[in-house]
Amino acid sequence: MRSLCLCGMLTLLACLGRGEASAQETAAEEAPRRAMVIAHLPPDAAKVLFGRESTPAAGPPQAIGSYERGCLSGAIALPADGPNWQVMRPSRNRAWGHPVLIAFIERLAQKLPGEAGWPGLLVGDIAQPRGGPMLTGHGSHQIGLDVDLWLTPMPNRRLSPAERDGISATDVVAGEGMDIDPTVWTPQHRLLLEAVAREPLVERVFVNPAIKRALCREGGPERAWMAKIRPWWGHNYHFHVRLSCPSGSPQCRGQAPPPPGDGCGKELDWWFTEEARHPRPSPPRKPLRLGNLPPACAALVAAPTGQARQLRGAAQ
Ligand SMILES: [Zn+2]
């Protein structure tokens, strides 16, 4: 059971990446990391090619490939401001997504005050304009169907661009990761996560194991929605919402549905073992090259050989 469980975990780890971009990392902190990453990557690294694109690819909306190995055409941007949301870290230019996800976020944000007593969403990273791997953070977020939402309630005023790039999200976990912080966690956090997980388009919601533990404790008797709430490393400042493949994207590769049941009990207990809390470091993964993505993704960035020459020239 343990080894099976661990094997599944490692597969998931490869899919999602333990080192997700921190919701609280500021744009200023991210910039030098981005420059260092570029300096150490081959010129045809997919994260370099997709990270350079600042506009979406024209054409019908298509999520191409899988969450951790794919790209996106026909993306649209979530407006920086809406009635019940504000886009954070705007300088990252990662508020692009499949139109189905963008419409979902807008609809969700508007119903949350009434349904969960949650005043609105602070929206973190969605995807790059053409999807693909990112220069910093995130193993997934590549096909415009993943979004990070802050665990900080939206304030009742519009934040300035400088505030959006600089302020920190709220850490709701304490006790060295063993449980939520009771001075920060509120009933509205639970209602928010429940409202999201109950959405039919949602395939999975990733949260810190301590948050899942709190939901297991606080959830009511009808808890089928809890199957979609999946524990993962990090995710103590934000949670990650993943939608299923939308219609009209035949090349989109979704995931198997989560196992039935609420995911509490033994499955959750593993996350609080030494093995899970302090996993042995794994060797660094080789960066994805353009050729590792679905062939249709190559058409979304400038010809790789030309780009490679340009990049080499620029580096000399
Ligand atoms: Zn995420």
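Let me sum up the structure you'll find in this document. (Residues numbered from 1 in each chain as written. Predicted model: local features only at pLDDT ≥ 70, side-chain atom pairs only at ≥ 80, totals over all residues. Heavy atoms only, no water.)

### Considering the state of the cysteines
In step 1: Tallied over the entire structure, the rule returns three disulfides.
In step 2: Paired through a disulfide, C245 and C252 show a sulfur-sulfur distance of 2.0 Å. Here the disulfide of C245 and C252 is left-handed, its torsion about the S-S bond being about -75°.
In step 3: Owing to a relative accessible area of 28%, C245 belongs among the partly exposed residues under this scheme.
In step 4: For C252, a relative accessible area of 11% gives the class buried. (Disulfide = S-S within 2.5 Å. Buried < 20%, exposed > 50% of the residue type's maximum accessible area, 1.4 Å probe, protein only.)

### Thoughts on the sheet that holds strand β2 (residues 69-73)
In step 1: Pairing is mixed across the open sheet formed by three strands, whose spatial order is β2-β1-β14. Either end of the sheet is taken by a strand with one partner, and the two such strands are β2 and β14 (252-253).
In step 2: Across two bridges, the pairing between strand β1 (residues 62-66) and β14 is parallel. Of the residues in β14, the one forming a bridge with S66 is R253. (Pairing = 2+ DSSP bridges. Helix = DSSP H or I, 4+ residues; strand = E, 2+ residues; numbered from the N terminus.)

### Considering the pairing of β1
In step 1: Counting buried positions over the five residues of β1 gives five, a clear majority of the element.
In step 2: Of the strand pairs in this sheet, β1 and β2 are connected by five bridges, and their pairing is antiparallel. Residue pairing across strands places S66 opposite R69, the latter belonging to β2.
In step 3: Connecting β1 to the antiparallel partner β2 that follows it, the hairpin turn spans two residues.

### Overview of helix α4 (residues 99-116)
In step 1: Between its first and last C-alpha, α4 extends 24 Å over 18 residues, near the 26 Å set by a 1.5 Å rise per residue.
In step 2: Buried residues of α4: L101, I102, F104, I105, L108, A109, L112 and A116, and no others.
In step 3: G117 lies just past α4 and shows a positive phi near 65°. (Expected span 1.5 Å × (residues − 1).)

### With respect to the pattern of salt bridges
In step 1: Scanning the model with the defined rule gives 18 salt bridges in all.
In step 2: For R289, the salt bridge identified is with D44, shortest N-O distance 2.8 Å. Linking R289 in the loop between α9 (274-277) and α10 (295-298) with D44 in the loop between α2 (27-39) and α3 (46-51), this pair joins segments that are 245 residues apart in sequence.
In step 3: According to the relative accessible area criterion, D44 is partly exposed, its value standing at 25%.
In step 4: A salt bridge links D125 to R94; its shortest N-O distance comes to 2.9 Å. Separated by 31 residues along the polypeptide, D125 in the loop between β7 (121-123) and β8 (146-150) and R94 in the loop between β5 (85-87) and β6 (96-97) bring together distant segments of the chain. A single burial state applies to D125 and to R94, both of which are buried.
In step 5: Residues participating in the shared-partner salt-bridge network are R107, K111, E115 and E199. (Salt bridge = Lys/Arg side-chain N within 4 Å of Asp/Glu carboxyl O.)

### Section: helix α7 (residues 209-218)
A turn of α-helix holds 3.6 residues, and therefore any two residues three or four places apart point the same way.
In step 1: Among the ten residues that make up α7, seven are buried, leaving the element largely enclosed by the rest of the structure.
In step 2: When we look at burial in α7, the residues that qualify are P209, A210, I211, K212, A214, L215 and C216.
In step 3: In this structure, the buried side of α7 is in contact with β9 (173-174), β10 (179-180), α6 (187-197), β11 (202-207), β12 (229-231) and α8 (266-269).
In step 4: Where α7 begins, one side-chain oxygen reaches toward the backbone nitrogen of A210, 2.8 Å away; that side chain belongs to N208. (Contact = heavy atoms within 4.5 Å. Polar contact = N/O pair within 3.5 Å; in protein donor to acceptor, adjacent residues only side chain to side chain.)

### With respect to the nonpolar core
In step 1: Of all hydrophobic cores here, the largest spans 56 residues; its most connected members are L121, I211 and F239.
In step 2: Here the element with the most residues in this core is α4; it accounts for eight residues.
In step 3: When sequence neighbours within four positions are dropped, the list of residues in contact with F239 reads V147, D148, L149, W150, L151, L192, L193, V196, V205, F206 and V207.
In step 4: Ranked by size, the runner-up nonpolar core spans twelve residues in total, among them A46, L49, C71 and L288. (Core = buried A, V, L, I, M, F, W, Y, C linked by side-chain atoms within 4.5 Å.)

### Observations regarding unusual backbone geometry
In step 1: A positive phi angle, close to 55°, is found at N93, a residue other than glycine.
In step 2: Examined against the element boundaries, N93 turns out to sit in the loop between β5 and β6.
In step 3: Residue H138 is not a glycine yet carries a positive backbone phi of 65°.
In step 4: Looking at the secondary structure, you find H138 in the loop between β7 and β8.
In step 5: For H138, a relative accessible area of 7% gives the class buried.

### What about the packing of aromatic side chains?
In step 1: Under the criterion given, the structure shown has six aromatic pairs.
In step 2: Taking the centre distance of 5.1 Å and the plane angle of 80° together, the rings of W270 and W271 count as edge-to-face.
In step 3: Overall, W270 belongs to the buried group, its relative accessible area being 4%.
In step 4: Of the aromatic side chains, those joined through ring pairs into one cluster are F206, W232, W233, W270 and W271.
In step 5: The ring of F272 carries the charged tip of R213 above its face, separated from the ring centre by 3.6 Å.
In step 6: Taking the ring centre of Y67 as reference, the NZ or CZ of R242 above it sits at 4.2 Å. (Phe/Tyr/Trp six-rings, centres within 6.5 Å; stacked < 30°, edge-to-face > 60°. Lys NZ or Arg CZ within 6 Å of the ring centre and 35° of its normal.)

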